[in-house]
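An overview of the molecular structure
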Amino acid sequence: MKKRTLKLSALLLFVLASFMAFIGSGLAQQGDKPAEQVRKNIQALKGLPDSQVIPVMQFMSTSLGVNCAFCHVNTGGKWEFEKDDKPEKITARKMIQMQFEINKGNKDIFGATGAVTCFTCHRGQAKPQVMPMLPASLPAGGAPGEAKAAESLPTVDQVLDKYVQGMGGRAAIEKLKSRVMKGSQVTADGTAIPVETYQAAPDKVVSILTTPRQGVMMSGYNGHVGWVKNQRGQHELSGAQLADMKRGADFYSDLKFKEMFPGLEVVDREKVGDRDTYVLASQVSPTRIEKLYFDTQTGLLLRAVSITQTLLAPIPEQTDFEDYRDVDGIKLPFTIRQSVVDPRNGWTRKYTEIKQNVPVDDTKFNPPPAPAATPAPSPK
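Residues numbered from 1 in each chain as written. Predicted model: local features only at pLDDT ≥ 70, side-chain atom pairs only at ≥ 80, totals over all residues. Heavy atoms only, no water.

**Notes on the overall build of the chain**
Put simply, the rule is: Strands here mean DSSP runs of E at least two residues long; helices mean DSSP runs of H or I at least four residues long; both are numbered from the N terminus. Contact definition: two residues touch when any of their heavy atoms are within 4.5 Å. Here the Shrake-Rupley method, with its probe set to 1.4 Å, supplies the accessible areas, and only the displayed protein chains count as covering residues.
If you tally the helices and strands in the chain, you get nine helices and 15 strands. The long-range share in the chain, meaning contacts at least 24 apart out of those at least 6 apart in sequence, stands at 51%. For the chain, the accessible surface area stands at approximately 20,100 Å², while carbon and sulfur atoms represent 55% of it.

As structure tokens, then:
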């Protein structure tokens, strides 16, 4: 199963691919070891790929509206996750086992992946609510059981053709050879981090974030090598991370959606804010679904949702694209919002300047040269 792989336009793809390379974590990667081989005292979640441990823990904490300290021991600022001192942790194991048994015994109702999760009952509360709140109200649309009129949906080609036209058309997209974007990435706590992104056709890209605490963070792909440089050092990407970065570097990916999404289908019509959208879905792997939401009027992409089925629950990620503006005949979003199950890891990227077909030095996409080694002191 691949890591976070929202296969969108060249701009949108790289925003996501570079962000994931920066944080160096995510959902299961190829060659991932089971959590019990990496961490101590794993009992209820044996077999869970280790890279899924943190996303699954975040899903649980958000579902219950609690933080890590609800179940885990922190002594003097040091986490001791392997300890079983808190009764809440023992209860959590029992709840996980109960969920497994419910889903396993009711596959004919829920389907192979199951439908009951922590959130099913808790809905953001440590103690689940067992009764409806009064006074109750009817759902929008009328009385219970009232059927919704069937609506004919467009074909995949019709939706994607309208998207390309909404952006500015195939000819206008193919005329582009480079792009420079500048703005800021706002974290969940309100901190604004300056960001610059450079792209060149057919497959070169680099992004630079200047953080107040961790210094300059960079990631890029020069057509051959994907790389990351951050406070933990500098290294080349491989495996799923490299595959994500290569997809993000494809300058003309807007014209290749059907190649990137196997079995793409138009599955529904839904609201995104006050806008009607057509929803396209692709089962990109046995455990991963990608959904794209295109404005029915403008054709533009308003939202992407990626859902990965883990041992415990489906883990969603959502990206919203807003404030589309015309830049040299091409419509691009100047605001991109990333939402994950842990709200502390969400962010909003706002561009203040986007320029097309500007000169970009090819060397900018190469990994920075390694710092020279400090010579050993001369013996006295």
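Having seen the model, we can carry on.
**Focus: the pattern of salt bridges**
What counts, and what does not: Any carboxyl oxygen of Asp or Glu within 4 Å of a side-chain nitrogen of Lys or Arg constitutes a salt bridge here. Burial classes follow relative accessibility: with a 1.4 Å probe on protein chains only, a residue under 20% of its type's maximum area counts as buried, one over 50% as exposed, and anything between as partly exposed.
In total, this model carries 16 salt bridges according to the counting rule given. When the shortest N-O distance is used, the salt bridge between Lys83 and Glu80 registers 3.2 Å. Classification of Lys83 by relative accessible area gives partly exposed; the value is 31%. The class for Glu80 is buried, based on a relative accessible area of 15%. Between Asp84 and Arg93 there is a salt bridge; the shortest N-O distance is 3.1 Å. Connected through salt bridges with shared partners, the residues Asp84, Lys89 and Arg93 form a single ionic network.

**Considerations on the nonpolar core**
Inclusion rule: Grouping buried Ala, Val, Leu, Ile, Met, Phe, Trp, Tyr and Cys residues that are joined through side-chain atoms within 4.5 Å yields what is termed a nonpolar core.
If you look at the biggest cluster of nonpolar residues, it comprises 39 residues, and the most contacted ones within it are Leu280 and Phe294. With six residues, the top contributor of residues to this core is helix α6 (residues 156-167). Apart from the residues within four sequence positions on either side, Leu280 is in contact with Val156, Val159, Leu160, Leu264, Glu265, Val266, Glu290, Lys291, Leu292 and Phe294. One finds Ala35, Val56, Leu64 and Ile315 within the second-largest nonpolar core, a separate group that totals 18 residues.

**What about the pairing of strand β4 (residues 192-200)?**
To keep things clear, this is the line we draw: One bridge is not enough; two strands pair if DSSP finds at least two bridges between them.
With nine bridges connecting them, strand β3 (residues 178-187) and β4 associate as antiparallel partners. Across the sheet, Met181 pairs through a bridge with Thr197, a residue of β4. Counted along the chain from β3 to the antiparallel partner β4, the turn is four residues long, and its residue Gly190 has a positive phi close to 95°. What sits between the antiparallel neighbours β4 and strand β5 (residues 204-211) is a turn of three residues.

**Overview of the confidence of the model for the chain**
Any segment with low pLDDT has predicted coordinates that should not be analysed in fine detail. For clarity, the threshold we go by: The pLDDT score gives, residue by residue, the confidence of the prediction method on a 0 to 100 scale.
For the chain, per-residue confidence averages 85 on the pLDDT scale, and 85% of positions sit at 70 or higher. The element-level mean pLDDT for the chain is lowest in helix α1 (residues 10-23), coming to 44, with α6 highest at 96. Considering only residues more than four positions removed or in separate chains, one finds that residues 1-30, a stretch of pLDDT under 50, has 137 contacts.

**Quick word on α6**
The test is simple: A helix is expected to span 1.5 Å multiplied by its residue count minus one. Our arc is simply the arc of the directions from the helix axis toward the C-beta atoms.
End to end, α6 covers 17 Å across 12 residues, agreeing with the expected 16 Å (1.5 Å per residue, within 8%). Taken together, the buried positions of α6 are occupied by Val156, Val159, Leu160, Tyr163, Val164, Gly166 and Met167. All buried residues of α6 fall inside an arc of 160° around its axis, so they share one side.

**A word on the side chain of Arg93**
In this structure, Arg93 sits in helix α3 (residues 87-104). A residue is classified by how much of its surface remains accessible, and Arg93, at 15% relative accessible area, is buried. Apart from residues lying up to four places away in sequence, Arg93 is in contact with Asn41, Gln43, Ala44 and Asp84.

**Things to note about unusual backbone geometry**
Residues Ala201 and Pro202 are joined by a peptide bond in cis, for which omega reads 0°. Here the phi dihedral of Asn41 falls at roughly 60°; this positive angle occurs in a residue that is not glycine. With respect to the helices and strands, Asn41 occurs in the loop between α1 and α2 (53-64). The phi angle at Asp328 is positive, at roughly 55°, despite the residue not being glycine.

**Topic: the pairing of strand β8 (residues 233-236)**
Of the pairings in the sheet, the one linking strand β7 (residues 226-230) to β8 comprises four bridges and is antiparallel in character. Bridge pairing in β8 places Asn230 opposite Gly233.

**Things to note about the packing of aromatic side chains**
Applied cut-off: Ring geometry is summarised as follows: Phe, Tyr and Trp rings, the Trp one being its six-membered ring, pair when their centres sit within 6.5 Å, and such pairs are stacked at plane angles under 30 degrees, edge-to-face over 60 and tilted between the two.
In total, this model carries six aromatic pairs according to the counting rule given. With a centroid separation of 5.4 Å and 40° between ring planes, the pair formed by Tyr163 and Phe257 is classed as tilted. Pair noted here: Tyr163 is in helix α6 and Phe257 is in helix α9 (residues 257-260), with a separation of 94 residues, a long-range link. Taking 6.4 Å as the distance between ring centres and 55° as the angle between the ring planes, the aromatic pair formed by Phe257 and Phe294 counts as tilted. Remark: Phe294 occurs in strand β11 (residues 288-295) and Phe257 occurs in helix α9; sequence separation between them is 37 residues.

**A short note on the environment of Val340**
Counting through the fold element by element, Val340 comes out in the loop between β14 (330-339) and β15 (347-356). For the pair Val340 and Phe59, spaced 281 residues apart in sequence, the C-alpha separation works out to 9.0 Å.

**Quick notes on the environment of Arg232**
Relative to the elements of secondary structure, Arg232 occurs in the loop between β7 and β8. Under the relative-accessibility criterion, Arg232 is labelled exposed at 59%.

**Focus on the state of the cysteines**
Put simply, the rule reads: Cysteine sulfur pairs qualify as disulfides if the two atoms are within 2.5 Å.
For the structure shown, the criterion picks out zero disulfides. Residue Cys68 stays outside any disulfide, its sulfur separated by 9.2 Å from that of Cys71, the closest cysteine. Free cysteine Cys121: the closest other cysteine sulfur is in Cys118, separated by 9.2 Å.

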